[in-house]
Amino acid sequence: MKEKTDLIIIGKFETVNYKGYSLFPIDRIDLYRDLVQLRMIYQDGGFHHFLDIFNKAKFGRYYEQSSYSERREMYNIWNLPSLNPALAATPMINHGLNCRIINNLDSDFDIFIELAQSMERPLIGISTTFLLTWTVIGKLIEQIRENVDNPTFIIGGAFINDQVAINGGVAHLEKPLRKFGISYAIHSYNSEYDLYNLVSNIESKDFSKVNNLVFFEDDQFTFTKEQWNSPYILENDIPPWDKIDFPKNNKTIQLRSSSGCTFKCSFCTYPVQSKGFHPAEMDYLKAQLEIIKHMDIENLIFIDDTPNFPVPRFKAMLKLLKQYDFRWYSFIRAQYIDDGIARMMKESGCDGVYLGIESADNQILKYMKKAANNEIYMRGVENLKKYDITTFAAFIIGFPGETSETIQTNINFIKQSGIDYYSLKEFWYAPNAPIAAKANQFGLEGFGNKWKHNTMTSQEASTVKLEIFNDVNESVYLDSDSGLWYLAYLRDQNYDWNTIEKTQRIIVEMLRLDNDNKYMEKDDLVDQFNEIISKKCS
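Conventions adopted
- Residues numbered from 1 in each chain as written.
- Predicted model: local features only at pLDDT ≥ 70, side-chain atom pairs only at ≥ 80, totals over all residues.
- Heavy atoms only, no water.
- Helix = DSSP H or I, 4+ residues; strand = E, 2+ residues; numbered from the N terminus.
- Rg over C-alpha atoms; globule rule 2.2 N^0.38 Å.
- Buried < 20%, exposed > 50% of the residue type's maximum accessible area, 1.4 Å probe, protein only.
- Contact = heavy atoms within 4.5 Å.
- Pairing = 2+ DSSP bridges.
- Axes fitted to C-alpha atoms, helices over the stretch in contact; angles between N-to-C directions.
- Expected span 1.5 Å × (residues − 1).
- Arc of directions from axis to C-beta.
- Salt bridge = Lys/Arg side-chain N within 4 Å of Asp/Glu carboxyl O.
- Core = buried A, V, L, I, M, F, W, Y, C linked by side-chain atoms within 4.5 Å.
- Patch = residues over 30% accessible without salt bridge, like charges linked within 9 Å, V, L, I, M, F, W, Y side chains within 5 Å.
- Areas by Shrake-Rupley, 256 points an atom, 1.4 Å probe, with all protein chains shown as cover.
- 1 Å grid on protein atoms, 1.4 Å probe; cavity = no way out; pocket = protein on both sides within 12 Å on 5 of 7 lines; lining within 4 Å.
- Points joined across faces, edges and corners; volume = space filled by probe spheres on them.
- Nonpolar A, V, L, I, M, F, W, Y, C, P; charged D, E, K, R; others polar.
- Right-handed = clockwise from strand over helix to strand, strands pointing away.
- Disulfide = S-S within 2.5 Å.

Asks: I'd like a rundown of the overall build of the protein, residues and numbers included.
Replies: Counting its regular elements, the protein contains 22 helices and 20 strands. Taken over the C-alpha trace, the protein has a radius of gyration of 23 Å; the compact-globule value for 538 residues is 24 Å, and the two agree within 12%. In terms of overall dimensions, the protein has C-alpha extents of about 65 × 50 × 50 Å along its principal axes. The 538 residues of the protein split such that 57% are buried. Put simply, of all contacts in the protein between residues at least 6 apart along the chain, 73% involve residues at least 24 apart.

This is how it looks when you write it as structure tokens:
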């Protein structure tokens, strides 16, 4: 007899509609260029993710053309296991509930349907960590209802939390929850125990001990007490890594050793939402590594916002990691990397880092409150390069105060610093970010990716982004939404750094041809790419 499944958590799925973009006439590209430019490649009559170019070269077909079992063996960034579903499932698994994780719905839809159809009353949790609109959520729910009878939906995560924060409370949730038939929404950070308490009491409908919940009782929109949750990382309850569903074609786990952030960058809402910095003891991390070392795992991605500060704690973490044989990747603040720390990083298995440079201009860095400057950034990158640690640096284009002079400073930094890979992303204006308090000073107006201020508009930032991309050859461009994960994923799939650089440089040249409307002139580049993949796979 099969064990009863209490909850299925959908971790993630592709939210970019490549197929939809491919249906648009290419001769009308100016109508939707901003949606595809620098994000995808046009090939064989359609738009594709960078990794799908690898798929066509290796497998002779694209991801969407393949069966679910085939997709699980193919290249897809979402096949890389995520941390958030694992954290959400931890209290339930540790307390004896059977919580199953669907890591990537696009690859595992057949597994999901089989699981859901085996449940007497399918209870499905949707993580919104990577979701940005209700429309995407609605389409997902519609797809599930077409295949599963009478599912009950629980929704939670970053998108729901932001909806409550931006709109000033939970009342805004009622309309979309009703529209899409979502029974429960949890609107809290560190919501693992809120979810556990909900699932534990869902049959009795006694939600008196469930905080941060909105639901419908006799068709009345109802909500429970709002209460801040301390990060689960502070408790002596280790994620049961060896009991969690993981894809079979990956040898990478994402984990964290801390929550929150000690810094208060003016464009970022995270420090406000996380209510400070919450480090775990090294014993907590060691206990996880002791479990993971017995699994078929070779790579770790730390998603801590600032793992290398405070510095003494980071040194203790490096000494611990040195006791194991993992290759690891992480966010890093370059201003705290000296020669000794870079050496310790390399000795402990560090293979690549994400540098949130954001800007190389000292005045913009002051406006951003980055606690850094151009000189110490340069020195940090130099130390990392000395020990052959691959660097990926992210830049924000168009922050309030940005001018042509500050843009040139960024270009000079990218060209001269020695960073291996870089990304460009237009400033995103969140009204609950600290910079909003100085909107009048900068003449800042708008929301999200549509804004203007005294020195630049969002449209001008998009133009500047393309100009930088066309100008820079010393470092290799990556999409800002995947960046380090893209690199770590290719390393997971046994690509060496030399092959990664060669293939990505070809992809950059493909993007440049697309930008020039030369969509059908890639044959030579495709041949070069295919030859590299053929040699790698032979």
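Asks: Tell me about the sheet that holds strand β6 (residues 152-156), and please be specific about residues and values.
Replies: Strand pairing in a sheet relies on backbone hydrogen bonds. The paired strands run either parallel or antiparallel. Pairing in this open sheet of seven strands is mixed, and the strands run β4-β1-β5-β6-β7-β8-β9 from one edge to the other. What marks the edges here is a single partner per strand, and that holds for β4 (99-104) and β9 (220-223). On average, each strand axis in the sheet is inclined to that of its neighbour by 20 degrees, with strand direction left out of account. Of the pairings in the sheet, the one linking strand β5 (residues 123-127) to β6 comprises five bridges and is parallel in character. Residue G125 lies in a different strand from β6, and its bridge partner there is I154.

Asks: How would you explain helix α7 (residues 134-145) if you had to name every residue and give the values?
Replies: The end-to-end C-alpha distance of α7 is 16 Å, a good match for the 16 Å that 12 residues give at a rise of 1.5 Å each. Among the residues making up α7, those that are buried are W134, I137, G138, L140, I141 and I144. Taken end-on, α7 shows its buried residues confined to a sector of 160 degrees, consistent with a single buried face. Of the exposed residues in α7, the ones pointing more than 90 degrees away from its buried face are T135 and K139. Buried positions along α7 lie against β1 (7-12), α6 (105-117), β5, β6, α8 (158-167) and α9 (174-180).

Asks: Tell me about the pattern of salt bridges, and please be specific about residues and values.
Replies: Per the stated rule, a full pass over the model turns up 30 salt bridges. When the shortest N-O distance is used, the salt bridge between K56 and D44 registers 2.5 Å. Taken as a pair, K56 in helix α3 (residues 50-59) and D44 in the loop between β2 (41-43) and β3 (46-48) lie far apart in primary sequence, 12 residues in all. For R379, the salt bridge goes to E375, with nearest N and O atoms at 3.7 Å. Placement of both R379 and E375 in helix α16 (residues 374-386) is noted, with a separation of four residues, approximately one turn of the helix.

Asks: Can you tell me about the nonpolar core, naming the residues and giving the values?
Replies: Grouped together as the largest cluster of nonpolar side chains are 169 residues, with contacts concentrated most on F54, F112, W134, I154, L300, M345 and Y486. The biggest single contributor to this core is helix α21 (residues 497-515), with eight residues. Residue contacts for F54: discarding those within four places in its chain leaves Y75, Y486, L490, Y495, T503, I507, F529 and I533. Core analysis: the next-biggest nonpolar cluster, separate from the first, contains 10 residues, V16, M40, Y42 and Y519 among them.

Asks: Explain the sheet that holds strand β20 (residues 476-477) to me, using residue names and the numbers behind them.
Replies: The strand order across the open sheet formed by seven strands is β10-β13-β14-β15-β16-β17-β20, and the pairing between neighbours is parallel. At either margin of the open sheet sits one strand with a lone partner, and together these are β10 (252-255) and β20. In the sheet, strand β14 (residues 327-332) pairs with strand β15 (residues 350-358) via five bridges, with the strands oriented parallel. Bridge pairing links I332 to L355 in β15. Lying on the sheet, helix α13 (residues 311-321) is in contact with β13 (299-302) and β14; it crosses β14 at an angle near 170 degrees.

Asks: An account of a nonpolar patch on the surface is needed here, citing residue identities and associated values.
Replies: Residues I166, W428 and F447 make up a contiguous nonpolar surface patch of roughly 310 Å² in combined accessible area. Secondary-structure assignment places F447 in strand β18 (residues 445-447). Here F447 falls in the partly exposed class, since its relative accessible area comes to 44%.

Asks: Talk me through empty space enclosed by the protein; I want residue IDs and the actual numbers.
Replies: Rolled over the atoms, a probe as big as a water molecule pinpoints where empty space is left. In total, this model carries three cavities of 30 Å³ or more according to the counting rule given. Approximately 80 Å³ is the volume found for the largest cavity. Lining the largest cavity, in full, are I29, R33, V36, Q37, L38, M40, F47, L511, D514, N515 and Y519. Elements represented by at least two residues in the lining of the largest cavity include exactly α2 (33-36) and α21. Per-element tally for the lining of the largest cavity: the top contributor is α21, with three residues. For the lining of the largest cavity, the class distribution of residues is seven nonpolar, two polar and two charged.

Asks: I'd like a rundown of the layout of surface pockets, residues and numbers included.
Replies: As a volume, the second largest pocket reaches approximately 690 Å³. The wall of the second largest pocket is formed by 25 residues, among which K4, T5, D6, M119 and E120 lie closest to the centre. Every element with two or more residues in the lining of the second largest pocket is listed here: α6 and α10 (192-201). Ranked by the residues each element gives to the lining of the second largest pocket, the list is headed by α6, at three residues. Residue classes in the lining of the second largest pocket are distributed as 10 nonpolar, five polar and 10 charged.

Asks: Break down the pairing of β6 for me, with residues and values.
Replies: When a strand is regular, its side chains alternate between the sheet's two faces. Burial analysis of β6 places four of its five residues in the buried class, the great majority of the element. A crossover links β5 with its parallel partner β6, the connecting element being α7, and its sense is right-handed. Here three bridges tie β6 to strand β7 (residues 184-186), and the two strands are oriented parallel to one another. What sits directly across from I155, in β7, is A185.

Asks: Would you mind going over the state of the cysteines in detail, with residue names and values included?
Replies: Put plainly, a disulfide is one covalent bond tying together the sulfur atoms of two cysteines. Scanning the entire structure with this criterion turns up zero disulfides. Among the cysteines around C350, which has no disulfide bond, C261 carries the closest sulfur, lying 19 Å off.

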